[in-house]
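Spelled out from the first residue to the last, the chains are:
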Amino acid sequence: SRPFAAAAGTGAGSASVASSDGAASVASSDGNCQGKGRASSGVAPTPCASASPEARAARLQQEVDRLRGENTGLELQVQRLQSAIDTLEFIPEKLVEKAKHSPLTLLHAPVDLYIVYSIKFAECVAYYGFAYIYVNFLSEELGFTDEEAGDLYSAYG
């Protein structure tokens, strides 16, 4: 959580400090609070009248330093992402077009795709295996003709 953030000043010799509920305490250059306004920044409250100007300035400097560090981290992340994009753009267009129509493209598919296809294969094997066993059982064990067994199976599925 951030201690506070500076909002736009309200006049000469004044500064606005935002609190967590969005209220901004406006302090004049002599350190006295002038009132409460609304600010858009969601930050932790600070007591305006009780804090000395040096303490407020120190907290402002800490916030500026924290934001600069955060900005540096984000700049490094942008550079890493840009280098990744540059690497992707280096793939020749001819290879991309060839890979779109190759069955070897499936070798680079996500593992989830293999799981889905394996489940579908097992489902088909079970269904048609049952169909064969069901019709064969009706014909050989229960004495149905092949036509009667087929009719009963067709009612099933």
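The rules behind these values
- Residues numbered from 1 in each chain as written.
- Predicted model: local features only at pLDDT ≥ 70, side-chain atom pairs only at ≥ 80, totals over all residues.
- Heavy atoms only, no water.
- Axes fitted to C-alpha atoms, helices over the stretch in contact; angles between N-to-C directions.
- Helix = DSSP H or I, 4+ residues; strand = E, 2+ residues; numbered from the N terminus.
- Parallel < 35°, antiparallel > 145°, perpendicular 65-115°, else oblique.
- Left-handed = near helix turned anticlockwise from the far one by under 90°.
- Contact = heavy atoms within 4.5 Å.
- Phe/Tyr/Trp six-rings, centres within 6.5 Å; stacked < 30°, edge-to-face > 60°.
- Buried < 20%, exposed > 50% of the residue type's maximum accessible area, 1.4 Å probe, protein only.
- pLDDT = per-residue confidence, 0-100.
- Expected span 1.5 Å × (residues − 1).
- Salt bridge = Lys/Arg side-chain N within 4 Å of Asp/Glu carboxyl O.

Across the interface, helix H3 (residues 111-140) lies against helix H4 (residues 146-156) with an axial gap of 9 Å and an inter-helix angle of 140 degrees. Judged by the angle between their axes, H3 and H4 are oblique. As for the relative orientation of H3 and H4, their crossing is right-handed in sense. Across the interface between the two elements, Tyr127, Phe130, Ala131, Tyr134, Val135, Leu138 and Ser139 from H3 touch Asp146, Ala149, Leu152, Tyr153 and Tyr156 from H4.

On to the packing of aromatic side chains. Inspection of every chain in the model, using the stated rule, returns 3 aromatic pairs. Between the aromatic rings of tyrosine 127 and tyrosine 128, the centroid separation amounts to 5.0 Å while the plane-to-plane angle is 90 degrees, which identifies the pairing as edge-to-face. For tyrosine 127, a relative accessible area of 28% corresponds to the partly exposed category. Considering the side-chain rings of tyrosine 134 and tyrosine 153, the 6.5 Å spacing of their centres and the 55 degrees angle between planes classify their relative orientation as tilted. Of this pair, tyrosine 134 sits in helix H3 while tyrosine 153 sits in helix H4, and the two are 19 residues apart along the sequence. Owing to a relative accessible area of 18%, tyrosine 153 belongs among the buried residues under this scheme. Here the aromatic residues Phe130, Tyr134 and Tyr153 are joined through ring pairs into a cluster of three or more.

Further remarks concern the confidence of the model for the protein. Across the protein, the average pLDDT comes to 74, with 60% of residues at 70 or higher. For the protein, strand S1 (residues 5-7) is the element with the lowest average pLDDT, namely 44, and H3 is the one with the highest, namely 93. Per-residue pLDDT stays below 50 along residues 1-40; that stretch engages in 92 contacts with residues further than four places along the chain or on separate chains.

Two residues of an α-helix separated by three or four positions point the same way, owing to the 3.6 residues in each turn. When the terminal C-alpha atoms of H3 are compared, their 43 Å separation across 30 residues agrees well with the 44 Å that a helix rising 1.5 Å per residue should span. Buried residues in H3 make contact with H4.

Scanning the entire structure with this criterion turns up 3 salt bridges. The shortest N-O distance in the salt bridge between arginine 66 and glutamate 63 comes to 3.0 Å. Taken together, the positions of arginine 66 and glutamate 63, both in helix H1 (residues 53-89) and 3 residues apart, correspond to about one turn of that helix. A residue is classified by how much of its surface remains accessible, and arginine 66, at 32% relative accessible area, is partly exposed. Its salt-bridge partner being glutamate 123, residue lysine 120 comes within 3.8 Å of it at the nearest N-O pair. With lysine 120 and glutamate 123 both in helix H3 and 3 residues apart, the pair spans about one turn of that helix. For lysine 120, a relative accessible area of 44% gives the class partly exposed. By relative accessible area, glutamate 123 is classed as partly exposed at 47%.

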